[in-house]
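Observations on chain architecture
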Amino acid sequence: LDAKSSQISVTVKQGGLKLLQIQDNGTGIRKCDLNIVCERFTTSKLKEFGDLQKISTYGFRGEALASISHVAHLTIVTKTKDDECAWKCSYLDGKPKGPAKPCAGNQGTQITVEDLFYNVSTRRKALRSPAEEHAKIAEVVSRYAIHNSSVGFSLKKQGESSVDLRTPPNSTPENNIRTVFGGAIAKELLQVSCSDERLQFECTGLVSNANYSAKRCTMLLFINHRLVESTTLRKAVEGVYSSYLPKHMHPFSYLSLQIAPQNVDVNIHPTKHEVRFLHEDAIVEAVQKAVEAKLLGSNASRTFYTQSLLPGATAAGITKEASGGGSSAEGGAISRVYDHSLVRTDSKEQKLIKYLSRGSNGDKDDSNMAATDDTAKTSGDAKKQNKSSHNSEGDNIRRVLRLTSVQRLLDEVSKGCHRGIHDILRNHSFVGCVDNNLALIQHATHLYLTRTQHLCEQMFYQIMLNDFGNFGVIKLSTPAPLRELSLLALEQPESGWSPADGPKEDLADYIVSFLQSKSAMLSDYFSFTIDDAGCLCTLPYLIDEFVPCMTGLPLYILRLTTEVSWDSEENCFKSFCQETAKFYASPPLPGEEDDKMQQQHEENKNKSVVSEGSESWCWQVEQLIYPALKSNLQPPQHLAHDTTLLQIADLHQLYKVFERC
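All of the points below concern the structure found in this document. (Residues numbered from 1 in each chain as written. Predicted model: local features only at pLDDT ≥ 70, side-chain atom pairs only at ≥ 80, totals over all residues. Heavy atoms only, no water.)

As enumerated under the stated definition, the model contains 15 salt bridges in all. The salt bridge partner of R234 is E238, with a shortest N-O separation of 3.6 Å. Taken together, the residues R234 and E238, both in helix α6 (residues 231-241) and four residues apart, mark about one turn of the helix. Here R234 falls in the partly exposed class, since its relative accessible area comes to 28%. Close ionic contact of E491 with K504 constitutes a salt bridge, the shortest N to O distance being 3.2 Å. With E491 in helix α11 (residues 482-491) and K504 in helix α12 (residues 504-517), this pair connects stretches of sequence that are 13 residues apart. Each of R559, E579 and K582 takes part in salt bridges that share partners, so that together they form one network. (Salt bridge = Lys/Arg side-chain N within 4 Å of Asp/Glu carboxyl O. Helix = DSSP H or I, 4+ residues; strand = E, 2+ residues; numbered from the N terminus. Buried < 20%, exposed > 50% of the residue type's maximum accessible area, 1.4 Å probe, protein only.)

Right, dumping it as structure tokens:
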């Protein structure tokens, strides 16, 4: 480099132990200097004693060639532009083995070192493996190639056609960084520069922005063009990045400092690996401020890498820690999240059951929706239809009903919403069913026990109000006679019938005639259809794929007659929606599903095609009801005081228990 070379080639064998050859196309060495070139304290870089105070070259003391000639076989081939031929000379212990001999050669110098430490076995054994020594050579060459981008460098192993490193002449530091370290670093570099006339220094370089981070710190530091280390400067630069990069991640930096030569002491380390200079603290602080200013001015955009979600998955929202129903203030400083505050959920987690189809028979009646239990046997198979009962076939236009009574009920629901519980239900993760009525959900770091039936009643009631007059229908393939359903209901203890109320047959006839008198309104507003024969044909379709348990149908028919306030419009709509919500929210009785499955299994023995059977209530709870709760329920205030939502575990408290243990 001191000889003004534009191309430097390095060839090694066995990590430089067997062969180390450096060739350049610089000015060369004059023939008259070949006799003393390997003697100690010989240099052509100094003209007078005062030059020692302003050294700006590399090998100014002439010790490298002298030292190598004592521990290896050294050969120099050189040619200046005025020489007619090249000259070759071999050296041993600092002296030429013989006079220089003419030979063919290009302008420049080729230095060949063979059998390094052949005569110092202890020193040779201290070296690492050839592969590690070669890696160290490549590291030094690549760093000087980045700093001296105007010079082309190449590094290869002897006997191999491919090169380990090649940089073109007249390149740029950015291009050479791309060649050595890859494009991932090169595209994230920022130009840094600063200077101070008072401190007599100038700094230029390239540093990575906040988008790049690595597990190891890579810092290329050149002071007056010499590759050195400075622990103080490295820590200062890393301190700037600590506010931008994740913990234990480090930046990339290349810095070149030009300091007045008289202020630099290069002789404090035998290999000149470290240097000391005046005003070190002030210069380090100035460089640190320059890097920080560049990072602050480049944070307009950040690059984040995302992974595509699996089919059917939803984007993960940021779960806020609920504290008394509130959320953290926006715009606040982001603090470290400790282990006891981490949320143990993954919104991208998939379950195979999610991909199972509930019905694959197309337009055929699905026997898995059949009401086959004895108490609701007459209702036959249930078949869902997505068109509104009041519209013609294929007409799915939503009606707009401007009823003040319904609007008042909706306003009442909206005003009474509990925001804390609403946030919990909206952002919860379903854990599992305890039984038909109890389930576990997780929100943030809390685990809650919920009463599914209570939540369902509130949700179905609000759906009845929101979709008022726009329901789809669940069509019973076999219309259910209201009289038979009424008689079944009166047989149940829950009906409260006593002999004083009169014969059951008369009460059943009254129920049929009463509901038939309301059939027009029920069909128009609620898709609750009764035919002229007094049979129930359809029920409202509230949420996708959900069919209520038909066990409660008889008692539901009875309560529509006795519990609905038919005299007042608002009270009528409210009480009818409440009774319908109770019917839809009723889970099957314990053991009832097993009886259904057994009954259908017996029926399917004589069929050529076996149906899927009744799907479990727990499956509907997990896949249908709780997902619907997230978007359809505005929980009323009283849920905060009863046992509908009960916190049973908190990660913070569990950590305290574990710490005591």
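What follows concerns the sheet that holds strand β14 (residues 252-259). What links the strands of a sheet is backbone hydrogen bonding, and the strands pair in either a parallel or an antiparallel sense. The sheet built from five strands is open, its strands ordered β10-β11-β14-β12-β13 with mixed pairing. The open sheet has two edge strands, β10 (189-196) and β13 (226-228), and neither has a second partner. The sheet shows a mean angle of 20° between the axes of neighbouring strands, taken without regard to direction. Relative to β13, strand β12 (residues 218-223) runs antiparallel, the two sharing three bridges. Among the inter-strand pairings, L221 is bridged to a residue of β13, identified as V228. Running at roughly 60° to β12, helix α3 (residues 130-147) makes contact with β12, β13 and β14 of the sheet. Running at roughly 140° to β10, helix α7 (residues 280-296) makes contact with β10, β11 (201-208) and β14 of the sheet. (Pairing = 2+ DSSP bridges. Axes fitted to C-alpha atoms, helices over the stretch in contact; angles between N-to-C directions. Contact = heavy atoms within 4.5 Å.)

The strand order across the open sheet formed by four strands is β18-β19-β20-β24, and the pairing between neighbours is antiparallel. The outermost strands of the open sheet, each flanked by one partner alone, are β18 (429-433) and β24 (645-650). Pairwise comparison of adjacent strand axes, ignoring direction, gives a mean angle of 25° for this sheet. As defined by bridge partners, strand β20 (residues 446-451) adjoins β24 across five bridges and the pair is classed as antiparallel. Bridging from a neighbouring strand, T450 pairs with L645 of β24. Helix α17 (residues 617-632) contacts β18, β19 (438-443) and β20 of the sheet and is inclined by roughly 160° relative to β18.

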